[in-house]
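Spelled out, the chains give:
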Amino acid sequence: MLDLLPDLFDQYPEKLSLAQAPFINYGKNIIFYGEIVTVACFEDNSKVKELLATDGTGKVLVVDGKGSMNRALLGDIIAENAVKNNWQAVVINGCIRDAGTIATLAIAVKALGCNPIKTEKLGVGEINIVVNFAGIDFIPGWSIYGDANGLAVSEAKLTLNEI
């Protein structure tokens, strides 16, 4: 399957909300779906690192970095740990770094851009709260779907024969 969102929107137009931000695909995987887990943080990726070190089977980490382009919230080492722990994807309202390496990893990564500067690690951030960016709410426990066409969320888990 090369596209997911067009088929989902054809089948479930009233159950999906489409994100309205120009996310860039960075990971090797482009198509993903899973249960939303959230982190809200600003230029500190301590909680991102903490969560991606846990079992992420069937889950997608949605990081609200408040749109900051000043520091990267995900780099190659943390992304490699996410792959090791079976995370489906990481969506970041902010930046990544190590884009060349992340492009080789078997995970989907969507972000606003890149910045080579790492964050400070102050342990600041909130886990599993409702975050809002790109015109939609990302609610922990809801489902998220992504591909080259964009990003969408749904309260219910949606299925297609191809999934």
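Scroll up to find the structure.
Residues numbered from 1 in each chain as written. Predicted model: local features only at pLDDT ≥ 70, side-chain atom pairs only at ≥ 80, totals over all residues. Heavy atoms only, no water.

(A) Representation of the layout of surface pockets within the structure. Approximately 240 Å³ is the volume attributed to the largest pocket. If you go around the largest pocket, you meet 14 residues; those closest to its centre are Asn45, Gly75, Ile77, Ile78 and Lys121. When contributions to the lining of the largest pocket are tallied by element, the ones reaching two or more residues are β5 (72-74) and α3 (76-84). With 4 residues, α3 is the largest single contributor of residues to the lining of the largest pocket. Its residues assigned to classes, the lining of the largest pocket comprises 4 nonpolar, 4 polar and 6 charged. (1 Å grid on protein atoms, 1.4 Å probe; cavity = no way out; pocket = protein on both sides within 12 Å on 5 of 7 lines; lining within 4 Å. Points joined across faces, edges and corners; volume = space filled by probe spheres on them. Helix = DSSP H or I, 4+ residues; strand = E, 2+ residues; numbered from the N terminus. Nonpolar A, V, L, I, M, F, W, Y, C, P; charged D, E, K, R; others polar.)

(B) Representation of the nonpolar core in the model. Counting residues in each nonpolar core, the largest one holds 23 residues, and the members touching the most others are Leu52, Leu61 and Leu74. Elements with a minimum of two residues in this core: β3 (32-40), α2 (46-52), β4 (59-64), β5, α3, β6 (89-96) and β7 (108-114). Residues Ala19, Phe23, Phe32 and Ala108 belong to the second largest nonpolar core, which totals 18 residues. (Core = buried A, V, L, I, M, F, W, Y, C linked by side-chain atoms within 4.5 Å. Buried < 20%, exposed > 50% of the residue type's maximum accessible area, 1.4 Å probe, protein only.)

(C) Layout of the pairing of β3. Burial of β3 is extensive: 7 of the 9 residues sit out of reach of the surface. Relative to strand β11 (residues 143-147), β3 is paired through 4 bridges, and the arrangement is antiparallel. Paired with Tyr33 across the bridge in β11 is Tyr145. One ladder, built from 6 bridges, connects β3 with β4; its direction is parallel. Among the inter-strand pairings, Ala40 is bridged to a residue of β4, identified as Asp64. Once you follow β3 into α2 and on to β4, the crossover reads as right-handed. Where β3 meets strand β8 (residues 126-127), 2 bridges bridge the pair, whose relative direction is antiparallel. Among the inter-strand pairings, Val39 is bridged to a residue of β8, identified as Ile127. (Pairing = 2+ DSSP bridges. Right-handed = clockwise from strand over helix to strand, strands pointing away.)

(D) Focus on the environment of Gly141. On the secondary structure map, Gly141 appears in the loop between β10 (136-138) and β11. What Gly141 contacts, discounting residues up to four positions off in sequence, is Glu35 and Ile36. (Contact = heavy atoms within 4.5 Å.)

(E) Seen up close, unusual backbone geometry. Residue Glu43 is not a glycine yet carries a positive backbone phi of 55 degrees. Within the secondary structure, Glu43 is located in the loop between β3 and α2. Judged by relative accessible area, which is 17%, Glu43 ranks as buried. You will see that Asn86, though not glycine, has its phi angle at about 70 degrees, which is positive.

(F) Representation of the pairing of β11. Most of β11 is tucked away: 5 of the 5 residues are buried. Going residue by residue along β11, you find Ser143, Tyr145 and Asp147 tucked away on one face and Ile144 and Gly146 tucked away on the opposite face as well. Between β11 and strand β12 (residues 150-154), which pair antiparallel one after the other, the connecting turn spans 2 residues.

(G) Molecular detail of the packing of aromatic side chains. Under the definition given, this model contains 3 aromatic pairs. On the basis of an interplanar angle of 25 degrees and a centroid distance of 4.5 Å, the ring pair of Phe133 and Phe138 is categorised as stacked. For the pair Phe133 and Phe138, a shared accessibility class is recorded, and that class is buried. By way of ring pairs, the aromatic residues Phe23, Phe133 and Phe138 are connected into one cluster. (Phe/Tyr/Trp six-rings, centres within 6.5 Å; stacked < 30°, edge-to-face > 60°.)

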